Amino acid sequence: MERLNSKLYLQNCYIIQENERLRKKAQLLNQENQALLSELKQKLSKANKANPNSLPDLNLTSTSNSSNSSHPGKP
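Calculation notes
- Residues numbered from 1 in each chain as written.
- Predicted model: local features only at pLDDT ≥ 70, side-chain atom pairs only at ≥ 80, totals over all residues.
- Heavy atoms only, no water.
- Salt bridge = Lys/Arg side-chain N within 4 Å of Asp/Glu carboxyl O.
- Helix = DSSP H or I, 4+ residues; strand = E, 2+ residues; numbered from the N terminus.
- Buried < 20%, exposed > 50% of the residue type's maximum accessible area, 1.4 Å probe, protein only.
- Patch = residues over 30% accessible without salt bridge, like charges linked within 9 Å, V, L, I, M, F, W, Y side chains within 5 Å.
- Areas by Shrake-Rupley, 256 points an atom, 1.4 Å probe, with all protein chains shown as cover.

Visitor: Give a detailed account of the pattern of salt bridges, specifying residues and quantitative values.
Guide: If you walk through the whole model with that rule in mind, you get three salt bridges. Residue Arg23 is joined to Glu20 by a salt bridge in which the shortest nitrogen-to-oxygen separation is 3.5 Å. With Arg23 and Glu20 both in helix α1 (residues 2-50) and three residues apart, this pair spans about one turn of that helix. The exposure class assigned to Glu20 is partly exposed, which follows from its relative accessible area of 35%. One salt bridge connects Lys43 with Glu39, and the closest N-O pair in it is separated by 3.5 Å.

What follows is the structure in structure tokens.
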């Protein structure tokens, strides 16, 4: 019984560590999403001020985040 308890305790520790790792990754992704949303809103605002009657082409401007987002597995 004590052996089973030890095994379950170790599994629980692993799950807690994995949960913390995923929580940190989720926080980083949320920060990146917020930054991208802010950038998009700025582009839309500038485009609407320049020409309020047309849809902006958001692909015309490059961002520094595009190189970071091409490697989603890296923190």
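After that view, the rundown keeps rolling.
Visitor: Just give me the short version of a nonpolar patch on the surface, but keep the residues and values in it.
Guide: A cluster of nonpolar side chains, Met1, Leu4 and Leu8, forms an exposed patch at the surface whose accessible area comes to about 370 Å². One can find Met1 in the segment before α1.

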